[in-house]
2 protein chains.
Amino acid sequence: MENDAYRRLVQRFATIHDVNAATKTLDWYARTKAPKAAQTGLGCQIATLSKQAHELLVDLSCADDLADAEAREPWEAANLREMRRRHRLASVLPADLVEAQVRASTHAHLVWETAKPEGDFAAFLPALRGVLEHVSTGARIQGQALGLSPYDALLEGHDPGRRNAAVTSMFAELEAVLPGIVDGVRGGPKPPGPTGKKRKLKRVARRMMSMIGLPETHARLDTSSHPFTAGDSDNIRITTRYSGRPGEALMAVLHECGHALYIAGLPSAHLGQPVGAARGMTVHESQSLLIEMLVCRSRAFAVHYARLLRDEFGEDGAWDPNRLHEVLIHVEPGVTRVEADEVTYPLHVVVRHRCETALLNGTLDPADLSDAFDEAMDSLLGIRPRNPGEGCLQDPHWTLMRGWGYFPTYALGLLMAAQLYETLRAALPDLDVDLARGDFAPLAGWLREHVHGRGCFDSSSDALLEHATGRPLGTGAFLRHLERRYLPGMT
Amino acid sequence: MENDAYRRLVQRFATIHDVNAATKTLDWYARTKAPKAAQTGLGCQIATLSKQAHELLVDLSCADDLADAEAREPWEAANLREMRRRHRLASVLPADLVEAQVRASTHAHLVWETAKPEGDFAAFLPALRGVLEHVSTGARIQGQALGLSPYDALLEGHDPGRRNAAVTSMFAELEAVLPGIVDGVRGGPKPPGPTGKKRKLKRVARRMMSMIGLPETHARLDTSSHPFTAGDSDNIRITTRYSGRPGEALMAVLHECGHALYIAGLPSAHLGQPVGAARGMTVHESQSLLIEMLVCRSRAFAVHYARLLRDEFGEDGAWDPNRLHEVLIHVEPGVTRVEADEVTYPLHVVVRHRCETALLNGTLDPADLSDAFDEAMDSLLGIRPRNPGEGCLQDPHWTLMRGWGYFPTYALGLLMAAQLYETLRAALPDLDVDLARGDFAPLAGWLREHVHGRGCFDSSSDALLEHATGRPLGTGAFLRHLERRYLPGMT
């Protein structure tokens, strides 16, 4: 009867996947195409579908089948492990707590949307207290059930197996080294990057997507106020924004292409099953940062990038590859995380990690968050936000239940990207030649074999990384990469 | 406890509405924006959501609550009546029959998609037999449960309370009169209508939407291979196509605006509840045909239409209102239903009604459908399709389970539109002046009060129509309208 139980579970998780996929399409529609008046109704529909998916997951007959099912081969075993993990994480939270969390989060997000532009921390504070209280309660309950500390329980939801002790130790290494590197290579005010009309930038962006392996038959490009990627391998939606510096719109597309390439390369035989999904958010962020930061800011890719710009804009908008490369690897501390270069970026994350762990374990009162945030920015990056809108209100993460414990995945993702990059450069000796002519197939092939195509076969991102690079996650490859790219004279 | 049962039902039907609304967004996405490769996955997600909605509707605890619930006021009573109607219609069909129907229909639709352009009736025939068998079985089961004939059971699904005896009698009146009118007013080959670049036509279409009361904050306009409308009042999606005659793209927009205006005017206090939905498909089609055929082919509206065209295209693309009106009311039998004028249109429907009732009651073998179709076209419209692609394969309806018994609603909708138009013209003596300057507010206000805003408060479309016009549905107003518009010298 075990196989019957397993078959029923496969059917159940396929249904959950379909409901979640529909939710993602509604969210994409709300953020790109929907009439303004539609937002409330769409929010309601998304909440309904999420509740349906949650009920399918925590159902008693799901628990029974999970207890009875047995796997016949390793992918089934991995699938069953991931099913059990999802079920356990979802079932420990009481339904009324989840509802209260959603209410607190929805309220806080609305408050944040007006408090941020006005830099009004006092207005945000009560909402923050509300969210923090519900996050703490949920993390404590999940932690007790899983034998983890509350913050480790949050990390577990984003990057299974990741523990804060290891995160803190890696971040300490970065804190010790990065400020010195920044001081050595900082280049003053940001130089203007490539520029051009939206219509033409969009064409360059589309060519970049095809170049990376995301043709129009499988992937869309749209505009939204914050870039994001959503979908399955045959239905990929990338967005970017053209409101900032034009060159940033293209870098955002390259970043999202990294996420999209991961989605496109997930094991198609297991589409819709937990084992066919991405191996957590650290791996996901590693893939976007690998493409945007490591690969597409290389001297080799600058050659092809310059060619793409000349093709679209003619000699007027043309860039010399060397000067383009200088712009791409320009380093200068700034207040905004999402605009940071790869050297200062991890320090932005460390600031947030310090604050959210202190809030969670009660050593920082929410009332003192803004000062603590600015203090950390000053000590790590040497700049002070001019107001809370540039400071602790900068990101939406702390208004969202699933935003807590998420920040570390950005910096860990960058470390992981560097570690993968080091290994794949050794495996692909012609990589620079390929990149210089815009041929991403060898890179994408390597990533598919060693990362994308494994889905959730490995039980943690460290296990995946060890399989791909021979080592668990560390800071070594990232620091070696910075030396090679930014301090070439010193090696 | 009755009120608890009613409250639970309201919650359940709100959930069903949200799931169905998500399905409609997925369908809109598939038909307008989705990458080609996404179609299979989206089809699967739509099937999953439909199954979820169906299970929520036929659930045993839903049946218990429907038995226990009591209404406190007339709108609750109407809501409960509609809940019971939906539950009954859905529950009588065994789940495995529904699944077999979906399979037969999906298969037939695929076969039809290639058989139609090739005019290959023989290739389509086995698929047609499969669909017909499943439709017959379902209609027989539903009919037995509801005390109706199989064809009446199909009508009941589209226009509750509508019976084939009444349909046949109205159609007999049309058959007796329309061919003679057509012979008297036919105008030879279709004159070229307004023309212009897609970009500019789209701007005219957008202005038409705002004119009718569908601003961009609430309604989108997109392109698809067949025009359609989907959504709720705050989230309306209209599509048209620019592949045929340019003027047809605008008429299609006006047609869809009629559907959209109905959706926009449904009682917002009951959004998501059965009583807040449209009162069946005859009323829905009456609203699109009222706007497209009755209102927007009037001499009065031609004045404003000519102004819209001049605004966008300048003097080059300008039309004299009288000449424009002549084009709009041009009558000539053609083979294609969706391109037909309002005089020949009902005859196209009569052809299909004859065929599908004969197929259902077994007096026509599917092998003889193509000949029977052509024969009826010849006798009613005086033309013969050159091949089955122009004939019985013209429409997709007979590949779809819910397409059977649907055709009559088009012609009945036109009769209903004429009956409403006659009444509202009497109630709005300045209507022509309003239309000539593009002011649709008085018209929309009347429709909202007497049709749209009543939702499913009335138990049938005849009850609704009687409330609005004092009479149940008949052919009188339509025939008087044709005389007034097409035979003015004779009245």
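Quick caveat, the model's predicted, so the values are computed rather than measured.

**Student:** Please clarify how the sheet that holds strand 3 (residues 235-240) of chain B should be interpreted in this entry.
**Tutor:** Strand pairing in a sheet takes place through backbone hydrogen bonds and is either antiparallel or parallel in direction. Residue and element names in this part refer to chain B. Spatially, the three strands line up as an open sheet ordered 1-3-2, and their pairing is mixed. Looking at which strands have only one partner, the edges of the open sheet turn out to be strand 1 (219-223) and strand 2 (229-232). The average angle at which neighbouring strand axes cross in this sheet is 15°, direction not considered. Sheet topology places strand 2 next to strand 3; four bridges connect them, and they run antiparallel. Bridge pairing links Asp-232 to Asn-235 in strand 3. Each of strand 1, strand 2 and strand 3 is contacted by helix 10 (residues 246-265), which is oriented at about 160° to strand 3, the strand it contacts most.

**Student:** Help me understand helix 10 of chain B in this model?
**Tutor:** Each turn of an α-helix holds 3.6 residues, which means side chains three or four residues apart point in the same direction. With 20 residues, helix 10 of chain B ought to run about 28 Å at 1.5 Å a step, and its terminal C-alpha atoms sit 29 Å apart, in line with that. Counting buried residues along helix 10 of chain B, 18 of its 20 residues qualify, which places the element largely inside the surrounding structure.

**Student:** I'm lost on the environment of His-325 of chain A in this one. Help?
**Tutor:** Residue and element names in this part refer to chain A. Within the element layout of this structure, His-325 appears in helix 13 (residues 321-328). Along the chain, His-325 and Arg-299 lie 26 residues apart, while their C-alpha atoms are 5.8 Å from each other. Residues within four places of His-325 in sequence aside, it is in contact with Arg-297, Ser-298, Arg-299 and Ala-302. Only 3.3 Å separates the side chain of His-325 from the backbone nitrogen of Arg-299, close enough to count as a polar contact.

**Student:** Honestly, the interface of chain A and chain B in this entry has me stumped. Any pointers?
**Tutor:** The figure often quoted for interface size is the accessible area lost as the parts come together. Facing 32 residues of chain A, the contacting portion of chain B comprises 31 residues. Carbon and sulfur atoms make up 62% of the surface buried where chain A meets chain B, a total of about 2,500 Å² over both sides. Of all residues in chain A, Asp-18, Tyr-29 and Gln-45 of chain A bury the most surface against chain B, accounting for 20% of the area lost on that side. At the surface where chain A touches chain B, the tally comes to zero salt bridges. Our count for the chain A to chain B interface comes out at 14 residue pairs in polar contact (both at pLDDT 80 or more). Ranked by residues supplied to the side of chain A that touches chain B, first place goes to helix 1 (residues 2-32) of chain A with nine residues. Of the residues contributing to the side of chain A that touches chain B, the split by class is 15 nonpolar, nine polar and eight charged.

**Student:** Looking at this structure, how should I read the packing of helix 3 (residues 60-68) of chain B against helix 4 (residues 74-91) of chain B?
**Tutor:** A pair of packed helices can be characterised by two numbers: the angle between their axes and the separation between those axes. Residues and elements named next belong to chain B. It is at 11 Å that the axes of helix 3 and helix 4 come closest, and there the two elements cross at 145°. The element helix 3 and its partner helix 4 pack so that their crossing is left-handed. Contacts between helix 3 and helix 4 pair Cys-62, Ala-63 and Leu-66 from the former with Leu-80, Met-83, Arg-84 and His-87 from the latter. Here the contact of helix 3 with helix 4 is composed, by residue class, of five nonpolar, one polar and one charged.

**Student:** Would you mind showing me how to read the pattern of salt bridges here?
**Tutor:** Opposite charge on two side chains permits them to pair, given that their charged atoms come into close proximity. Under the definition given, this model contains 71 salt bridges over all chains. The partner of Arg-7 of chain A in a salt bridge is Asp-4 of chain A, and the shortest N-O contact between them spans 2.4 Å. Pair noted here: Arg-7 of chain A and Asp-4 of chain A are both in helix 1, with a separation of three residues, about one helical turn. A residue is classified by how much of its surface remains accessible, and Arg-7 of chain A, at 54% relative accessible area, is exposed. Here Asp-365 of chain B makes a salt bridge to Arg-129 of chain B, at a shortest N to O gap of 3.1 Å. Taken together, the residues Asp-365 of chain B in the loop between helix 14 (345-360) and helix 15 (369-381) and Arg-129 of chain B in helix 6 (residues 121-146) connect sequence positions 236 residues apart. Here Asp-365 of chain B falls in the partly exposed class, since its relative accessible area comes to 34%. Through salt bridges that share partners, Arg-81, Glu-82, Arg-85, Glu-156, Arg-163 and Arg-279 of chain A make up one connected network.

**Student:** I would appreciate a short explanation of the domain arrangement of chain A in the present structure.
**Tutor:** Residues and elements named next belong to chain A. Domain boundaries assigned for chain A yield domain 1 (2-118) and domain 2 (119-491). Computed over C-alpha atoms, the centres of domain 1 and domain 2 are 24 Å apart. Taken residue by residue, the interface counts 39 residues in domain 1 and 51 residues in domain 2. In this assembly, domain 1 packs against domain 2 so that about 3,800 Å² is buried in total across both faces, 64% of it on carbon and sulfur atoms.

**Student:** Help me out: how do you make sense of the relation of the copies chain A and chain B in this one?
**Tutor:** Relating one copy of the chain to the other requires a rotation about an axis plus a shift along that axis. The two copies are related by a screw motion: chain A maps onto chain B through a turn of 180° and a shift of 0.0 Å along the axis, at an RMSD of 0.0 Å. Here the two chains are linked by the operation of a two-fold rotation axis. Minimal C-alpha distance to the rotation axis in chain A is attained by Ala-22 of chain A, lying at 3.4 Å. Of all interface residues in chain A, 97% are interface residues in chain B too; the two copies therefore contact each other through one and the same surface.

**Student:** Whenever I open this one, the packing of aromatic side chains confuses me. Can you help?
**Tutor:** Geometry of an aromatic ring pair is reported as the spacing of the ring centres plus the angle between the planes. This structure, assessed with the given rule, holds 18 aromatic pairs over all chains. Judged by centre distance (5.0 Å) and plane angle (65°), the rings of Trp-28 of chain A and Tyr-29 of chain B are edge-to-face. One end of the pair, Trp-28 of chain A, is in helix 1; the other, Tyr-29 of chain B, is in helix 1 (residues 2-32), on a second chain. Like Trp-28 of chain A, the residue Tyr-29 of chain B is buried in the burial classification. A centroid spacing of 5.9 Å and a plane angle of 35° characterise the contact between Trp-398 of chain B and Trp-404 of chain B, whose relative ring orientation is tilted. For the residue pair Trp-398 of chain B and Trp-404 of chain B, the accessibility class agrees, reading buried in each case. An aromatic cluster of three or more residues is present, and its members are Tyr-345, Trp-398, Trp-404, Tyr-406, Phe-407 and Tyr-410 of chain A. Over the ring of Phe-407 of chain B we find Arg-352 of chain B, and its NZ or CZ is 5.7 Å from the ring centre.

**Student:** Even after reading the chapter, I still don't get the nonpolar core, so can you show me in this structure?
**Tutor:** Nonpolar side chains tend toward joint burial in soluble globular proteins. Membership of the largest hydrophobic core comes to 128 residues, with the highest contact counts inside it found for Leu-214 and Trp-404 of chain A. Top element by residues in this core is helix 16 (residues 407-427) of chain A. It accounts for twelve residues. Residue-level mapping places this core at the junction of two domains, with at least three residues from each of domain 1 (2-118) and domain 2 (119-491) of chain A. Not counting residues up to four positions away in its chain, the partners in contact with Leu-214 of chain A are Arg-206, Met-209, Ala-219, Ile-236, Ile-238, Cys-257, Ala-260, Leu-261 and Ala-264 of chain A. Tyr-242, Leu-309, Tyr-421 and Ala-444 of chain B belong to the second-largest nonpolar core, a separate cluster that totals 127 residues.

**Student:** Help me out: how do you make sense of the environment of Pro-366 of chain B in this one?
**Tutor:** All names here are of chain B. Position of Pro-366 among the secondary structure elements: in the loop between helix 14 and helix 15. Judged by its relative accessible area of 7%, Pro-366 is buried. Along the chain, Pro-366 and Phe-313 lie 53 residues apart, while their C-alpha atoms are 50 Å from each other. Setting aside its immediate chain neighbours within four residues, Pro-366 contacts Phe-121, Leu-125, Leu-128, Arg-129, Leu-132 and Leu-359.

**Student:** Is there a simple way to think about the sheet that holds strand 3 (residues 235-240) of chain A in this case?
**Tutor:** Residue and element names in this part refer to chain A. One open sheet holds the three strands; their spatial order is 1-3-2, and the pairing between them is mixed. Strand pairing shows two members of the sheet lacking a second neighbour, strand 1 (219-223) and strand 2 (229-232), which therefore form its edges. Strand-to-strand, the axes of this sheet are offset by a mean angle of 15°, without reference to chain direction. Where helix 9 (residues 198-212) meets the sheet, it contacts strand 1 and strand 3, and its direction lies at approximately 150° from that of strand 1.

How each quantity is defined
- Residues numbered from 1 in each chain as written.
- Chains lettered and ligands numbered in written order.
- Predicted model: local features only at pLDDT ≥ 70, side-chain atom pairs only at ≥ 80, totals over all residues.
- Heavy atoms only, no water.
- Pairing = 2+ DSSP bridges.
- Helix = DSSP H or I, 4+ residues; strand = E, 2+ residues; numbered from the N terminus.
- Axes fitted to C-alpha atoms, helices over the stretch in contact; angles between N-to-C directions.
- Contact = heavy atoms within 4.5 Å.
- Expected span 1.5 Å × (residues − 1).
- Buried < 20%, exposed > 50% of the residue type's maximum accessible area, 1.4 Å probe, protein only.
- Polar contact = N/O pair within 3.5 Å; in protein donor to acceptor, adjacent residues only side chain to side chain.
- Buried area = accessible area lost by both parts, 1.4 Å probe.
- Salt bridge = Lys/Arg side-chain N within 4 Å of Asp/Glu carboxyl O.
- Nonpolar A, V, L, I, M, F, W, Y, C, P; charged D, E, K, R; others polar.
- Left-handed = near helix turned anticlockwise from the far one by under 90°.
- Domains from an automatic or database assignment.
- Least-squares fit on C-alpha atoms with pLDDT ≥ 70 in both.
- Phe/Tyr/Trp six-rings, centres within 6.5 Å; stacked < 30°, edge-to-face > 60°.
- Lys NZ or Arg CZ within 6 Å of the ring centre and 35° of its normal.
- Core = buried A, V, L, I, M, F, W, Y, C linked by side-chain atoms within 4.5 Å.

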